[in-house]
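The residues making up each chain are set out below.
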Amino acid sequence: MRAFVNDIIGLCLYLAIILGCTYLAVHYVAQRTQVEGFSMFPTLSDGDHVLVDKLTYRFEEPKRYDIIVFPYRYEKETYYVKRIIGLPGETVRIDAQGTIFINNVALQEHYGTEAVNAPGYALLPRKLEDNEYFVLGDNRNDSVDSRSAQVGLVRRAEIIGRAFWRVRPFPESGAME
């Protein structure tokens, strides 16, 4: 009888440790997010599942071109997945021809391949504060991002983490650029 009680206590302790580790991993290390829409196409597509690294940004600052996840301000449990273009302290502007400028220098990047049709708030220079980031979707003309008041500039404290691994669909799973 005593062995049976010890086995039950051991099993309960084992389950508590597994549940505790799972809780810590989901809340502080990584989370899974599903992409809805085509704002990050061709990098990510509608229905893709990605893992979000919630740990790295506790030790280092986000970098230009990182794909980040942050909450939508007007709806709970809704997250945006966008690419960082402008960093704190920089001035971002998109001219009428759709060219992106960082501190008056044209941005040379290969993520957004088409000219931006609607510069929105970025038509005028946007000076980023010490804790602000300017984000765009890779599909620049089908993205609601920092050019819009609906999203605006993303504050550092709002960033949940960096999307780093596509989980699904399986043929395309792997590390993301």
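Look up: the structure comes first, before these words.
Residues numbered from 1 in each chain as written. Predicted model: local features only at pLDDT ≥ 70, side-chain atom pairs only at ≥ 80, totals over all residues. Heavy atoms only, no water.

Trainee: Quick question: what am I supposed to make of the pattern of salt bridges here?
Mentor: Oppositely charged side chains can form a pair if their charged atoms are brought close together. For the structure on display, the rule yields 10 salt bridges. Note that Arg166 and Asp48 form a salt bridge whose closest N and O atoms lie 2.8 Å from each other. Here Arg166 is found in strand β11 (residues 161–168), whereas its partner Asp48 is found in the loop between β1 (30–34) and β2 (49–53), with 118 residues between them in sequence. Summarising the burial analysis for this pair, Arg166 and Asp48 share the class buried. Among the salt bridges present, the one from Glu158 reaches Arg155, with a minimum N-O distance of 3.2 Å. Judged by its relative accessible area of 15%, Glu158 falls in the buried class. According to the relative accessible area criterion, Arg155 is partly exposed, its value standing at 39%. (Salt bridge = Lys/Arg side-chain N within 4 Å of Asp/Glu carboxyl O. Helix = DSSP H or I, 4+ residues; strand = E, 2+ residues; numbered from the N terminus. Buried < 20%, exposed > 50% of the residue type's maximum accessible area, 1.4 Å probe, protein only.)

Trainee: Where do I start with the sheet that holds strand β7 (residues 105–106) in this structure?
Mentor: As a general point, the strands of a sheet are linked pairwise by backbone hydrogen bonds and lie either parallel or antiparallel. Strand order in the open sheet formed by four strands is β7-β6-β5-β8, with antiparallel pairing between adjacent strands. Looking at strand neighbours, the two that pair on one side only are β7 and β8 (126–127), the edges of this open sheet. Alignment of strand β5 (residues 91–94) against β8, held across two bridges, turns out to be antiparallel. Across the sheet, the residue bridging to Thr91 is Lys127, located in β8. (Pairing = 2+ DSSP bridges.)

Trainee: What is the right way to look at the packing of aromatic side chains in this model?
Mentor: Under the criterion given, the structure shown has three aromatic pairs. Aromatic pair Phe70 and Tyr80: ring centres 5.8 Å apart, planes at 75°, arrangement edge-to-face. In this pair, Phe70 is assigned in strand β3 (residues 67–71) and Tyr80 in strand β4 (residues 79–86), connecting sequence segments 10 residues apart. Just as Phe70 is buried, Tyr80 falls in that class too. Ring plane angle 25° and centroid distance 5.1 Å describe the contact between Tyr72 and Tyr80, whose orientation is recorded as stacked. Overall, Tyr72 belongs to the buried group, its relative accessible area being 15%. For Tyr80, a relative accessible area of 15% translates into the label buried. Linked through ring pairs, Phe70, Tyr72 and Tyr80 together constitute an aromatic cluster. For the cation-ring pair, Arg83 lies above Tyr111, with the distance from its terminal atom to the ring centre recorded as 3.5 Å. (Phe/Tyr/Trp six-rings, centres within 6.5 Å; stacked < 30°, edge-to-face > 60°. Lys NZ or Arg CZ within 6 Å of the ring centre and 35° of its normal.)

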